[in-house]
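Single-letter residue listing:
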Amino acid sequence: MKKGVLYFLILALCLGLLSGCGGKIQEGKTTITFQTWNPADYGPDSPIYQIIDSFEKENPDIHVEYVFTKSVAYQEHMRVELIDGDGPDVYGISTGSAFDTFRVFEEDLTPFCEREWGEDWKEIFLDSCLESVSGDDGRIYGLPLGQTYAGYMWADVDMLKQYGCEVPANYLDMKKTCQTLRENGQMPLAIGAKDSWMNLDMWMSIAADCDKDALYDAIEGKASFESEPLIESFRIWQDCFTSGVFQDKAVKMPIYDTINDMFQQDGKIPMITNGSWAMNMYTVSDERTRAVVDREGADHDVFLIDWNGDGKIAPITANPDVVLCMNPESTQKEAAFRFMDYLVNEGQDLLVNQYLEYMPSRADMELNVQGLSEDGQKNLNVIIENGKNNVAGPRGIKYEDLSLAVCNELKELAIGKITPEEAASQIEKISKETIR
């Protein structure tokens with residue numbers, strides 16, 4: 001009798017009735033898990049649920065179990081799960097250092113892509129996006145789900161006018177505008193400086209404005225971080241904190257759900273730093289956001305400024321926002337890739353053209369956002385134009401130790417613990433030790 005019970009349990013395990021020898025089965029369906037911080041779960045109307053529902057209707061043999069994990073410590077959380085063998089079938093990861101360091105947990109997708117999309121499949125994606133998901137061996141280890149542009153600032157034009165201000169065109173204008181706002185008891189340019197990624201986004205735009213070649217050559221170890229243009233970028237960054245351009249105690253405030261909510265949902269502050277993805281304020285169903293963004297005569301501007309006084313506005317940086325990876329230990333790889341295929345095609349179309357979560361990563365994708373307000377279309381045009389003609393290079397630093405070093409020194413500069421020269425020196429030390 002005991003042997004019979006044992007046999008039944010083993011059989012149940014292998015059939016997936018308890019948990020997987022061959023993966024889970026739910027009502028005769030193959031279950032795959034998808035874990036990410038983005039696309040986010042911000043309620044039942046979140047677009048990710050529409051995508052999954054549509055996919056399951058077209059693929060009745062597959063059930064997608066969606067696991068949302070907040071962005072705070074997401075990568076560390078995923079690393080632990082994957083090391084322990086408890087990772088999802090499909091997961092999202094950031095480009096750059098995270099994508100490269102996770103390589104052992106990323107299935108080579110090249111054969112899947114070739115089989116599904118043919119020999120010329122690489123033409124489907126924008127070259128810049130494809131470069132970000134390729135390994136040194138030329139193989140593809142992830143699929144780019146949308147592209148984002150960083151380095152932008154956003155302004156509530158009407159609120160600025162209340163204080164006799166206009167959208168700043170250069171750093172001198174910005175300092176004068178922020179001083180006026182402070183004198184009137186208002187917050188200046190607000191940044192979520194508690195978030196290292198936000199600091200890196202803004203500094204890279206400043207540094208690229210000072211000298212984009214100096215920036216990317218230093219990242220690749222071909223030049224020094226102690227060059228004058230990069231030291232100047234550290235001076236400007238630090239001055240934003242010491243001269244009052246950024247708000248007081250900025251290093252203790254995250255962009256989500258603090259700074260962004262104050263601007264987008266409460267309409268209480270006139271300017272924030274945020275990327276192209278903030279365009280989703282024109283599409284989300286949140287009532288607080290709709291009350292601010294859709295109010296009569298609402299006027300918001302996405303903008304860039306000339307940081308170093310050379311007469312040219314700063315460039316932006318660009319990268320796929322989310323890279324979809326397949327867990328090499330997945331027992332449901334065919335079903336997993338079917339879902340990944342759907343996400344970067346039909347799913348991306350929804351995420352871009354209905355919700356403006358990203359800009360396209362596919363070369364063949366037509367940008368055709370429905371029902372966008374005049375204010376929203378104006379800002380979308382600015383983002384599209386800069387995406388075509390004003391991209392300095394990749395967003396972020398793909399070498400993990402170097403990226404951490406830069407983020408650390410930016411925080412130290414923000415609180416006044418070090419000088420720009422000392423920051424450059426410390427980063428250069430790490431750069432020389434970085435294996436590229």
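You'll find the structure just up there.
Our subject in this report is the structure included herewith. (Residues numbered from 1 in each chain as written. Predicted model: local features only at pLDDT ≥ 70, side-chain atom pairs only at ≥ 80, totals over all residues. Heavy atoms only, no water.)

### Remarks on the overall build of the protein chain
Which entries qualify depends on this criterion: Numbering of helices and strands runs from the N terminus, with a helix taken as a DSSP run of H or I at least four residues long and a strand as a DSSP run of E at least two residues long. Classification of residues uses two cut-offs on accessible area relative to the type maximum, computed with a 1.4 Å probe and protein chains only: under 20% is buried, over 50% is exposed, and between them is partly exposed. For this analysis, residues touch if any pair of their heavy atoms sits within 4.5 Å. For the area figures, the Shrake-Rupley method with a 1.4 Å probe applies, and any residue is considered shielded solely by the protein chains shown.
A tally of regular secondary structure across the protein chain gives 16 helices and eleven strands. With the principal axes as the frame, the protein chain shows a C-alpha extent of 80 × 55 × 45 Å. Here the protein chain holds 436 residues, and the buried ones make up 54% of them. If you take every contact in the protein chain between residues at least 6 apart in sequence, the share linking residues at least 24 apart comes to 73%. Summed over its atoms, the accessible surface of the protein chain is roughly 19600 Å², and 49% of this surface lies on carbon and sulfur atoms.

### Examining the nonpolar core
What counts, and what does not: Residues belong to a common nonpolar core when they are buried Ala, Val, Leu, Ile, Met, Phe, Trp, Tyr or Cys residues joined through side-chain atoms within 4.5 Å.
Core analysis: the biggest nonpolar cluster contains 79 residues, and Trp154, Met174, Trp203, Trp237 and Trp307 have the highest contact counts within it. Per element, the largest residue contribution to this core is 14 residues, and it comes from helix α9 (residues 196-219). In this structure, Trp307 is in contact with Met153, Tyr171, Met202, Ile206, Asp209, Ile236, Cys240 and Ala314, ignoring residues within four places of it in sequence. If you look at the next biggest cluster of nonpolar residues, it comprises 52 residues, including Val90, Cys113, Ala335 and Ala336.

### Side note on the packing of helix α5 (residues 110-117) against helix α13 (residues 333-353)
Using the following cut-off: For helices, the fitted axis covers only the stretch in contact; all axes are lines through C-alpha atoms, and the angles between them, taken along N-to-C directions, range from 0 to 180 degrees. Each angle is binned into one of four classes, with values under 35 degrees roughly parallel, values over 145 roughly antiparallel, values of 65 to 115 roughly perpendicular, and all other values oblique. Each crossing gets its handedness from the near helix: less than a right angle anticlockwise from the far helix is left-handed, clockwise is right-handed. Residues are grouped as follows: Ala, Val, Leu, Ile, Met, Phe, Trp, Tyr, Cys and Pro are nonpolar; Asp, Glu, Lys and Arg are charged; all remaining types, including Gly, are polar.
For the pair α5 and α13, interaxial distance at closest approach is 11 Å and the crossing angle is 65 degrees. Between α5 and α13, the angle falls in the class roughly perpendicular. The way α5 lies across α13 gives a crossing that is right-handed. Residue-level inspection shows Phe112, Cys113, Arg115, Glu116 and Trp117 of α5 in contact with α13, the latter providing Lys333, Glu334, Phe337, Asp341, Val344 and Asn345. Its residues placed into classes, the contact of α5 with α13 shows five nonpolar, one polar and five charged.

### Some remarks on the pattern of salt bridges
The condition is simple: The salt bridge definition used is simple: a Lys or Arg side-chain nitrogen within 4 Å of an Asp or Glu carboxyl oxygen.
For the structure shown, the criterion picks out 23 salt bridges. A salt bridge links Lys333 to Glu107; the nearest nitrogen and oxygen atoms lie 3.1 Å apart. Taken together, the positions of Lys333 in helix α13 and Glu107 in the loop between α4 (97-101) and α5 put the pair 226 residues apart, joining distant regions of the chain. Residue classification places Glu107 among the buried positions, given a relative accessible area of 16%. Of the charged contacts in the structure, one is a salt bridge between Glu334 and Arg115, with a shortest N-O distance of 2.7 Å. Taken as a pair, Glu334 in helix α13 and Arg115 in helix α5 lie far apart in primary sequence, 219 residues in all. One continuous salt-bridge network, built from bridges that share partners, spans Glu228, Glu232, Arg235 and Glu421.

### Considerations on the sheet that holds strand β6 (residues 153-156)
Here is the rule: A pair of strands is considered paired only if DSSP assigns at least 2 bridges between the two.
A sheet is described by the order of its strands in space; here four strands give the open sequence β7-β8-β6-β9, paired in mixed fashion. The sheet is open, and its two borders are formed by β7 (189-190) and β9 (300-303), each paired with just one other strand. Note: β7 against strand β8 (residues 271-273), two bridges, orientation parallel. Paired with Leu189 across the strands is Met271, a residue of β8.

### Brief notes about the environment of Glu107
Note: C-alpha distance between Glu107 and Val90 (17 residues apart in sequence) is 9.9 Å. Once you skip the residues sitting within four places of it in the chain, Glu107 turns out to touch Phe112, Ile140, Tyr141, Met326, Pro328 and Lys333.

### What to know about the environment of Glu56
Applied cut-off: For this analysis, a polar contact is any N or O atom pair within 3.5 Å, provided that within protein one partner can donate a hydrogen and the other can accept it, and provided that sequence-adjacent residues contribute only side-chain to side-chain pairs.
Tracing the backbone through its elements, the reader meets Glu56 in helix α2 (residues 47-58). Measuring from C-alpha to C-alpha, the distance between Glu56 and Phe339 comes to 9.2 Å, with 283 residues separating the pair along the chain. Residues in contact with Glu56, not counting those within four places in the same chain, are Ile62, His63 and Val64. At 3.1 Å, the side chain of Glu56 forms a polar contact with the side chain of His63. Within the structure, the side chain of Glu56 is placed 2.8 Å from the backbone nitrogen of Val64, a separation counted as a polar contact.

### Describing a negative patch on the surface
Test applied: Exposure above 30% relative accessible area and the lack of any salt bridge qualify a residue for a patch; like charges then connect within 9 Å, and the nonpolar side chains Val, Leu, Ile, Met, Phe, Trp and Tyr within 5 Å. Residues scored as charged are limited to Lys and Arg (positive) and Asp and Glu (negative), so that His and the chain ends carry no count. To locate a charge, take atom NZ for lysine, CZ for arginine, CG for aspartate or CD for glutamate.
Side chains of Glu114, Glu119, Asp120 and Glu123 sit close together on the surface and give a patch of like negative charge. Considering the arrangement of structural elements, one finds Glu123 in the loop between α5 and α6 (127-132).

### Focus: α9
Put simply, the rule reads: By this rule the span expected of a helix is its residue count minus one, scaled by 1.5 Å. The reported bend at a residue is simply the angle between two axes, fitted to the 7 residues ending at it and to the 7 residues beginning with it.
Compared with the 34 Å implied by 1.5 Å per residue over 24 residues, the 17 Å span of α9 between its first and last C-alpha is markedly short. Remark: the principal bend of α9, roughly 120 degrees, maps to Asp211. Burial analysis of α9 places 18 of its 24 residues in the buried class, the great majority of the element. Gly221 lies just past α9 and shows a positive phi near 80 degrees.

### Comments concerning helix α15 (residues 400-414)
Residues three or four positions apart in an α-helix share a direction because the helix packs 3.6 residues into each turn. With 15 residues, α15 ought to run about 21 Å at 1.5 Å a step, and its terminal C-alpha atoms sit 21 Å apart, in line with that. Burial in α15 covers these residues: Leu402, Ser403, Ala405, Val406, Cys407, Glu409, Leu410, Leu413 and Ala414. Packing partners of the buried residues in α15 comprise α4, α9, α10 (228-242) and α16 (420-433). Of the residues flanking the end of α15, it is Gly416, one or two places downstream, whose phi is positive at about 75 degrees.

Functional significance is not addressed by these values, which are geometric in nature.
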